[in-house]
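# Notes for the structure review
Now for the letters of each chain:
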Amino acid sequence: MGSIWSKCFSRKFIIDNKIFFSNRLRKAQDRMFMLEVYLKAKCVLFKPIYCYKNRINENSITHVYDKNMYKYYNYLYEEMNKFCIVNNIPYYSKKYLELGIVYELSEITVFNKQNHNKYKIRKNEFYNIYNNFNLKISCSKLKLNDFLGIKSKIKFLLYKYKLFFLLDFFIKYVKN
C-alpha cells in the first residue's frame, strides 16, 4: 500500500491535488503520499504487470541500522494521526497503518541484523516501540481473520502478545 515504486500516477492528478512528499520525513515518505493519493483518487486501476526486479542494497536506508529511525517514525505517526483526524478516517482503517509502522520500525531497528545491542536492550527497544505507538490498542481492534496467510497470522500474534523471543526468531529465520 505505501510504496510508490509499484504504481503509476497521472502528473495532472498529483499537481491538481497538491500531493507532495513531506520534507519532515526521511523514511516512509511514500506512506503519507499514498494516503493522500487514495483519499483524493476517484478511481484506482489495478493491472498485474510483472516487470519489477528487486535488488537488495545492503547499504540502503532499510538495511542499515540507524537509531534516528525512531525519530522519523514518530514524525510519520504524528503526520498520519493529523491526516486521519483532518480527513475523518475511522479508527478501523487507522489501526492497520499503526500496525504497519510498528512492523516496519521494529524490523529496521530492533530486529535489524546490524543491531548488535544485547538481547535485553533490544527487548526494551521493542517494548518502547510497542508502547509509543499504541500497539496494544491497535492489536485489540484487529482479528486473526484480518490477516492472510499463516506467516502474517503468526507475526500478528507474536506482536499482539509481545512474544519478543519468538518474534526475534521468526523475523530472522522464518519470515523471509
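I will try to describe carefully the structure that is included in this document. (Residues numbered from 1 in each chain as written. Predicted model: local features only at pLDDT ≥ 70, side-chain atom pairs only at ≥ 80, totals over all residues. Heavy atoms only, no water.)

### A closer look at the packing of aromatic side chains
As a reminder, the rule being used: Two aromatic rings, drawn from Phe, Tyr or Trp (for Trp, its six-membered ring), form a pair once their centres lie within 6.5 Å of each other, and the interplanar angle then sorts them: stacked below 30 degrees, edge-to-face above 60, tilted otherwise. Helix numbers and strand numbers start at the N terminus; a helix is a DSSP run of H or I with at least 4 residues, a strand a run of E with at least 2. A 1.4 Å probe rolled over the protein chains alone gives each residue an accessible area, and that area as a share of the maximum for its type sets the label: buried under 20%, exposed over 50%, partly exposed in between.
The tally for this structure, following the rule as stated, stands at 13 aromatic pairs. A centroid spacing of 6.0 Å and a plane angle of 55° characterise the contact between Phe111 and Phe126, whose relative ring orientation is tilted. Taken together, the residues span a long stretch of sequence, with Phe111 in the loop between helix H4 (91–108) and helix H5 (119–132) and Phe126 in helix H5 at a distance of 15 residues. Phe126 gets classed as buried once you look at its relative accessible area, which sits at 1%. Centre to centre, the rings of Phe111 and Phe164 are 5.4 Å apart; their planes meet at 25°, and the pair counts as stacked. Placement of Phe111 in the loop between H4 and H5 and of Phe164 in helix H8 (residues 164–174) is noted, with a sequence separation of 53 residues between them. Its relative accessible area of 2% is what places Phe164 among the buried residues.

### Comments concerning the side chain of Glu107
This is how the line gets drawn: Throughout this description, a polar contact denotes any pair of N or O atoms lying within 3.5 Å of each other; where both atoms belong to protein, one of them has to be capable of donating a hydrogen while the other can accept it, and for residues adjacent in sequence the pair is counted only when both atoms sit in side chains.
Inspection of the secondary structure puts Glu107 in helix H4. Within the structure, the side chain of Glu107 is placed 2.7 Å from the side chain of Lys155, a separation counted as a polar contact.

### Quick look at the nonpolar core
In plain terms, the rule: The term nonpolar core refers to a set of buried residues drawn from Ala, Val, Leu, Ile, Met, Phe, Trp, Tyr and Cys, joined through side-chain atoms within 4.5 Å. Contacts are residue-level and defined by heavy atoms, with any inter-residue pair within 4.5 Å sufficient.
If you look at the biggest cluster of nonpolar residues, it comprises 36 residues, and the most contacted ones within it are Tyr73, Met80, Leu99, Phe111, Phe126, Phe133 and Tyr159. Mapped by element, the contributors of at least two residues to this core are helix H2 (29–40), helix H3 (69–86), H4, H5, helix H6 (135–141), helix H7 (150–160) and H8. For this core, the leading source of residues is H3, giving eight residues. If sequence neighbours within four positions are ignored, Tyr73 has contacts with Lys27, Ala28, Ile101, Glu104, Leu105, Ile108 and Phe133.

### Digging into the layout of surface pockets
Operational definition: Lining residues are defined by having an atom within 4 Å of a point belonging to a cavity or pocket. Those points lie on a 1 Å grid over the protein atoms alone, cavities being sets where a 1.4 Å probe fits but cannot get out and pockets being open sets with protein on both sides within 12 Å along at least five of seven lines. Grid points are joined across faces, edges and corners, and a volume is the space filled by probe spheres set on the points.
By volume, the second largest pocket is sized at about 820 Å³. Around the second largest pocket, the lining is made up of 21 residues, and of these Ser6, Lys7, Cys8, Leu45 and Lys47 lie nearest the centre. In terms of residue count, the dominant contributor to the lining of the second largest pocket is H2 (three residues).

### Structural notes on the environment of Tyr91
Residue position: Tyr91 is located in helix H4. According to the relative accessible area criterion, Tyr91 is partly exposed, its value standing at 29%. For Tyr91 and Leu35, which are 56 residues apart along the polypeptide, the C-alpha to C-alpha distance reads 14 Å. Ignoring sequence-local partners within four residues, the contact set of Tyr91 consists of Glu98, Ile137, Ser138 and Lys141.

### Focus: H3
Defined as follows: By this rule the span expected of a helix is its residue count minus one, scaled by 1.5 Å.
Along its 18 residues, H3 runs 25 Å from first to last C-alpha, staying within 8% of the 26 Å computed at 1.5 Å per residue. Along H3, the residues that are buried comprise Met69, Tyr72, Tyr73, Leu76, Tyr77, Glu79, Met80, Asn81, Phe83 and Cys84. For H3, the elements touching its buried residues are H2, H4 and H5. Once H3 finishes, Asn88 follows within two positions and takes phi at roughly 50°, a positive value.

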